[in-house]
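Residues per chain, in single letters:
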Amino acid sequence: PTEHHGRDPRSLSSACRPLPGAALMVVDSVGKRAPNGQPGEILIRGPSVMAGYWNQPDATAKTIDSDGWLRTGDVGEMDDAGYIYIHDRIKDMIITGGENVYAAEVESVLADHPGVAEVAVIGTPDPKWGEAVTAVVVPRPGTAIEPGALSSWARTRLAGFKTPRRVIVADALPRNPSGKVLKRVLRQTYGTAVPK
């Protein structure tokens, strides 16, 4: 907490800077260091980073490079002061029409709608765009959500390519025992192509 004292208030939303002995780096889609302020995958290296998966050299090679950098699977950016901001998980990022959409950003906007109790955003196959932003929403008790109206409401708060092309109203979101939403199950359940 004291590290943020007197700094730009935006740093309060960061995951902080690396601890002594650890190094963080953000890389682009081809593995080159991303400029500060540009999103990419967060890599970490240091003595506290695992050496690899037990008896799984292929899995280790996919996760840790020859220089010891561990691919976290998190998308984020680093600012000029070395603070890291985490945006989403790579597996939850949606690529629609060549544009990257962070599910967490769309979820945050939709969660502000007064009729939405819960929301999860996934990518579903789309014949034109590759993937379509798809929102699975659970309405607040006593509230009805009209999918088209929710998309129109979101369009005033998000760029057009981030606005859900498909809204699915559900009774509940599937969760694991610790309460995490199972997006894998949502993709299996709703992962059909969006009609043109």
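Structural data are supplied above this passage.
About the cut-offs
Residues numbered from 1 in each chain as written. Predicted model: local features only at pLDDT ≥ 70, side-chain atom pairs only at ≥ 80, totals over all residues. Heavy atoms only, no water. Core = buried A, V, L, I, M, F, W, Y, C linked by side-chain atoms within 4.5 Å. Buried < 20%, exposed > 50% of the residue type's maximum accessible area, 1.4 Å probe, protein only. Helix = DSSP H or I, 4+ residues; strand = E, 2+ residues; numbered from the N terminus. Contact = heavy atoms within 4.5 Å. Arc of directions from axis to C-beta. Polar contact = N/O pair within 3.5 Å; in protein donor to acceptor, adjacent residues only side chain to side chain. 1 Å grid on protein atoms, 1.4 Å probe; cavity = no way out; pocket = protein on both sides within 12 Å on 5 of 7 lines; lining within 4 Å. Points joined across faces, edges and corners; volume = space filled by probe spheres on them. Nonpolar A, V, L, I, M, F, W, Y, C, P; charged D, E, K, R; others polar. Pairing = 2+ DSSP bridges. Axes fitted to C-alpha atoms, helices over the stretch in contact; angles between N-to-C directions.

(A) Up close: the nonpolar core. By size, the foremost hydrophobic cluster in this structure holds 18 residues, and its most contacted members are Val106, Leu110, Val119, Val121, Val137 and Leu150. Looking at this core, the elements that each hand over two or more residues are α2 (103-111), β7 (116-126), β8 (130-139) and α3 (147-155). Among all residues touching Val121, those that are not within four sequence positions of it are Ile94, Ala103, Val106, Glu107, Leu110, Val133, Thr134, Ala135 and Lys183. Core analysis: the next-biggest nonpolar cluster, separate from the first, contains nine residues, Val136, Ala170, Val181 and Leu186 among them.

(B) Representation of α3 within the structure. When α3 is considered as a whole, its buried residues turn out to be Leu150, Ser151, Trp153 and Ala154. One side of α3 carries all its buried residues, which in axial view fall inside an arc of 160 degrees. At the N-terminal boundary of α3, the capping side chain belongs to Glu146, with an oxygen 3.2 Å from the backbone nitrogen of Gly148.

(C) Broad picture of the layout of surface pockets. Computed from the structure, the largest pocket encloses a volume of approximately 290 Å³. What lines the largest pocket is a set of 13 residues, among which Val27, Asp28, Ser29, Gly40 and Glu41 lie closest to the centre. Looking at the lining of the largest pocket, the elements that each hand over two or more residues are β2 (40-45) and β3 (70-78). Residues belonging to the lining of the largest pocket are distributed by class as follows: six nonpolar, four polar and three charged. In this structure, the second largest pocket encloses a volume near 230 Å³.

(D) Structural detail: the environment of Ser152. With respect to the helices and strands, Ser152 occurs in helix α3. Along the primary structure Ser152 and Thr163 are separated by 11 residues, whereas in three dimensions their C-alpha atoms are 8.3 Å apart.

(E) Representation of unusual backbone geometry within the structure. For Asn55, which is not a glycine, the phi torsion comes out positive at approximately 55 degrees. With respect to the helices, strands and loops of the structure, Asn55 is situated in the loop between β2 and α1 (57-63). For Asn55, a relative accessible area of 64% gives the class exposed.

(F) Structural view of the environment of Pro141. Tracing the backbone shows Pro141 in the loop between β8 and α3. Along the sequence, Pro141 and Val116 sit 25 residues apart, while their C-alpha atoms lie 9.3 Å from each other.

(G) How the structure looks around the sheet that holds β8. As summarised here, the arrangement of the three strands in space is β7-β8-β9, forming an open sheet in which the pairing is mixed. The open sheet has two edge strands, β7 and β9 (166-169), and neither has a second partner. Each strand of the sheet is rotated relative to its neighbour by a mean of 25 degrees, with strand direction disregarded. Of the strands in this sheet, β7 and β8 touch α2, which is tilted by about 140 degrees from β7. Sitting on the sheet, α3 touches β7, β8 and β9, and the angle it makes with β9 is about 130 degrees.

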